[in-house]
Amino acid sequence: MDYDVVKSEKVFEGKILKVVRDEIAMPDGDTAIREIVIKNNASAIVPVDNDGNIILVRQYRHPARDMVLEIPAGTFEIHEDPYECAVRELEEETGYKAGGITYVNWTYASVGICTERIYLYIAENLQPGTQKLDKDEFIEIEKYSLSQCLDMIYDGTIRDSKTVMGILAYAGLVTKRKGTKRI
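Computed from a predicted structure; not experimentally measured.

Caption draft 1: Here's a closer look at the sheet that holds strand β7 (residues 73-75). Spatial strand order, β7-β4-β9-β8: four strands in an open sheet with mixed pairing. In this open sheet, the two strands that pair with only one neighbour each are β7 and β8 (96-108). On average, each strand axis in the sheet is inclined to that of its neighbour by 25°, with strand direction left out of account. By the bridge criterion, six bridges tie strand β4 (residues 42-47) to strand β9 (residues 117-128) in an arrangement that is parallel. Pairing of Ile45 across the sheet is with Tyr121, part of β9. Contacts from helix α1 (residues 82-94) reach β4, β7, β8 and β9, with the element oriented near 125° to β8.

Caption draft 2: Up close: the pairing of strand β2 (residues 17-25). Note that strand β1 (residues 5-13) and β2 share seven bridges and pair antiparallel. Across the sheet, the residue bridging to Lys7 is Glu23, located in β2. Taken together, β1 and the strand that follows it, β2, pair antiparallel across an intervening segment of three residues. Bridge analysis of β2 against strand β3 (residues 31-39) gives nine bridges, and the strand direction is antiparallel. Along β3, the bridge assignment pairs Ile24 with Ala32.

Caption draft 3: Region of interest: the sheet that holds strand β6 (residues 66-70). Strand order in this open sheet of three strands is β6-β5-β10, and the pairing throughout is antiparallel. This sheet does not close on itself; its edge strands, each paired only once, are β6 and β10 (139-144). Sheet twist, expressed as the average angle between the axes of neighbouring strands with direction ignored, equals 30°. Inspection of the sheet shows strand β5 (residues 54-61) paired to β10 by six bridges, in the antiparallel sense.

Caption draft 4: Looking closely at the packing of helix α2 (residues 146-154) against helix α3 (residues 161-178). In the contact formed by α2 and α3, the axes pass within 10 Å of each other and the chain directions differ by 135°. Regarding the angle of α2 to α3, the classification is oblique. Of the two possible hands of crossing, α2 and α3 adopt the one that is left-handed. Contacts between α2 and α3 involve Leu146, Cys149, Leu150, Ile153 and Tyr154 from the former and Val164, Ile167, Leu168, Tyr170, Ala171 and Val174 from the latter. In terms of residue class, the contact of α2 with α3 is made up of eleven nonpolar, no polar and no charged.

Caption draft 5: A look at the nonpolar core. Core analysis: the biggest nonpolar cluster contains 23 residues, and Val46, Ile54, Leu56 and Tyr170 have the highest contact counts within it. Taken together, the elements giving at least two residues each to this core come down to β4, β5, β9, α2 and α3. The element best represented in this core is α3, accounting for five residues. For Tyr170, the residues in contact, after removing those within four places along its chain, are Val46, Val48, Ile54, Ile122, Glu124 and Leu146. Membership of the second largest hydrophobic core comes to ten residues, among which are Ile55, Leu90, Tyr121 and Leu126.

Here is what the cut-offs are and how they apply
Residues numbered from 1 in each chain as written. Predicted model: local features only at pLDDT ≥ 70, side-chain atom pairs only at ≥ 80, totals over all residues. Heavy atoms only, no water. Pairing = 2+ DSSP bridges. Helix = DSSP H or I, 4+ residues; strand = E, 2+ residues; numbered from the N terminus. Axes fitted to C-alpha atoms, helices over the stretch in contact; angles between N-to-C directions. Contact = heavy atoms within 4.5 Å. Parallel < 35°, antiparallel > 145°, perpendicular 65-115°, else oblique. Left-handed = near helix turned anticlockwise from the far one by under 90°. Nonpolar A, V, L, I, M, F, W, Y, C, P; charged D, E, K, R; others polar. Core = buried A, V, L, I, M, F, W, Y, C linked by side-chain atoms within 4.5 Å. Buried < 20%, exposed > 50% of the residue type's maximum accessible area, 1.4 Å probe, protein only.

Written out as structure tokens, the structure is:
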């Protein structure tokens, strides 16, 4: 089933995103309006230290008007691939380098409105690196066990979707490595 674009207009273009308004053909012959946020793709990474703790970053997120606890993440730089972005963001935000990185999957940030894909990785065998925060980035580093992170998902402390997905993916990897069945 095709949903061809009949008409498209740019509504806004800013520093990190643009918004377009598309008129699309519907299967019944009518048309409908869809507004789309076009944003660069990003990588997110679950850093796990040698004691099995997950390293999270807490930073102010203006749309939420709150300090949000999340896994390190960031958007691609020009011509950067998802893996390179994950490696760079891990060190920039946490000050760690990974001895091993496992690719999990990618997901849409908000499939109903936004083009952004988030590529998810797990970083292990961490070694010290150099934290390199952007001028407008103020990050607090926090460490939690996998069990604590799962509790924080279920009690609503962790609300960021990429972080929920990353922690659950890591829990699945731990379960798989132990050879036990997933629930």
